[in-house]
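Chain by chain, the residues:
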Amino acid sequence: MKRILEIVAPSGYEPEIGAAIWMLDDTRRRTLELLEDLPEEFVDQPVNENTIGTILYHIALIEADWLYSEILEQPISDDVMDLFPDQVRDQDGFLSKIKGFSLEEHLFRLSEIRKILKLNLSGMTLEDFHRKRILDAYEVSPQWVLHHLSQHEAEHRGELGSIITLIKK
């Protein structure tokens with residue numbers, strides 16, 4: 001059967017924003033496919049520097065941080081921060097070793113942040129989507145943020161795949 005490869009933007013968004021969300025969701029779909037049938041004992045098993053749980057926690061927290069800091073230009077709300085009891089990095093700048101959460105908990109966290117992101121983008125105008133946010137270190141638009149989040153997750157998906165392969169050996 002021939003596959004049809006096209007971007008189908010979800011409704012409820014400006015078409016350009018919807019296309020960017022579709023790409024972000026496609027990245028997530030591929031991450032979730034990688035994690036299908038993952039044995040629970042793999043989540044906290046260390047390989048090299050990181051665990052699957054550490055990477056999943058990091059992906060979710062970075063998505064929340066970029067949403068609030070760069071797109072919404074406000075601090076992360078307390079209810080969202082409740083999803084993240086641990087800091088993303090340790091005192092040496094490495095990803096904090098995240099342990100004790102089930103795969104289901106990590107997937108829930110990813111899902112909740114994505115819902116919040118999509119809700120906040122649903123009423124966004126194209127003008128605001130392209131408007132640069134002026135921060136101390138750089139200027140960034142929500143359009144670029146969505147590109148970055150897709151790239152960030154895809155790169156970590158490669159790391160997740162490597163961890164899974166090494167655990168299975």
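Residues numbered from 1 in each chain as written. Predicted model: local features only at pLDDT ≥ 70, side-chain atom pairs only at ≥ 80, totals over all residues. Heavy atoms only, no water.

Q: It is not clear to me how the overall build of the protein should be interpreted in this structure. Could you clarify?
A: On a plain count of helices and strands, the protein comes out with six helices and two strands. Mapped in sequence order, the helices and strands of the protein form the string α-α-α-α-α-β-β-α. Relative to its length of 169 residues, the protein is compact, with a C-alpha radius of gyration of 17 Å against a globular reference of 15 Å. On the principal axes, the C-alpha backbone points of the protein span a range of 50 × 50 × 25 Å. The 169 residues of the protein split such that 43% are buried. In the form shown here, the protein has an accessible surface area of approximately 9800 Å², with 52% of it arising from carbon and sulfur atoms. Mean positive and mean negative side-chain charge positions of the protein (18 and 32 charges, respectively) differ by 7 Å. (Helix = DSSP H or I, 4+ residues; strand = E, 2+ residues; numbered from the N terminus. Rg over C-alpha atoms; globule rule 2.2 N^0.38 Å. Buried < 20%, exposed > 50% of the residue type's maximum accessible area, 1.4 Å probe, protein only. Areas by Shrake-Rupley, 256 points an atom, 1.4 Å probe, with all protein chains shown as cover. Lys, Arg positive; Asp, Glu negative; His and termini not counted. Charge placed at Lys NZ, Arg CZ, Asp CG, Glu CD.)

Q: Help me understand the packing of aromatic side chains, please; the structure alone is not making it clear to me.
A: Scanning the model with the defined rule gives four aromatic pairs in all. Taking 5.5 Å as the distance between ring centres and 80° as the angle between the ring planes, the aromatic pair formed by Y57 and F84 counts as edge-to-face. Of this pair, Y57 sits in helix α2 (residues 52–72) while F84 is found in the loop between α3 (78–81) and α4 (103–121), placing the two residues 27 residues apart along the sequence. Residue Y57 is classed as buried on the basis of its relative accessible area of 1%. (Phe/Tyr/Trp six-rings, centres within 6.5 Å; stacked < 30°, edge-to-face > 60°.)

Q: Got a minute to help me understand the packing of α2 against α4 in this structure?
A: Think of two packed helices as two axes; the pair is described by the angle between the axes and how far apart they sit. With their axes 9 Å apart at the nearest point, α2 and α4 run at an angle of 15° to one another. When the axis of α2 is compared with that of α4, the two are roughly parallel. Crossing of α2 over α4 shows left-handed handedness. On α4, the residues touching G53, L56, Y57, I59, A60, E63, A64, L67, Y68, I71 and L72 of α2 are L103, H106, R109, L110, I113, R114, I116, L117, N120 and L121. Class assignment for the residues of the contact of α2 with α4 results in 15 nonpolar, three polar and three charged. (Axes fitted to C-alpha atoms, helices over the stretch in contact; angles between N-to-C directions. Parallel < 35°, antiparallel > 145°, perpendicular 65-115°, else oblique. Left-handed = near helix turned anticlockwise from the far one by under 90°. Contact = heavy atoms within 4.5 Å. Nonpolar A, V, L, I, M, F, W, Y, C, P; charged D, E, K, R; others polar.)

Q: Just checking my understanding: could you explain the packing of α2 against helix α6 (residues 142–168) for this structure?
A: One can describe the packing of α2 onto α6 by two numbers: an axis separation of 10 Å at closest approach and a directional angle of 175°. Between α2 and α6, the crossing angle belongs to the class labelled roughly antiparallel. Of the residues contributing to the contact of α2 with α6, the split by class is 16 nonpolar, four polar and four charged.

Q: So what exactly am I meant to see when it comes to the side chain of R133 here?
A: By the element assignment, R133 lies in strand β1 (residues 133–134). Side-chain polar atoms of R133 contact the backbone oxygen of E70, separated by 3.4 Å. Discounting residues that sit within four places of it in the chain, R133 has contacts with E70, I71, E73, M124, D128, Y138, E139, V140 and P142. (Polar contact = N/O pair within 3.5 Å; in protein donor to acceptor, adjacent residues only side chain to side chain.)

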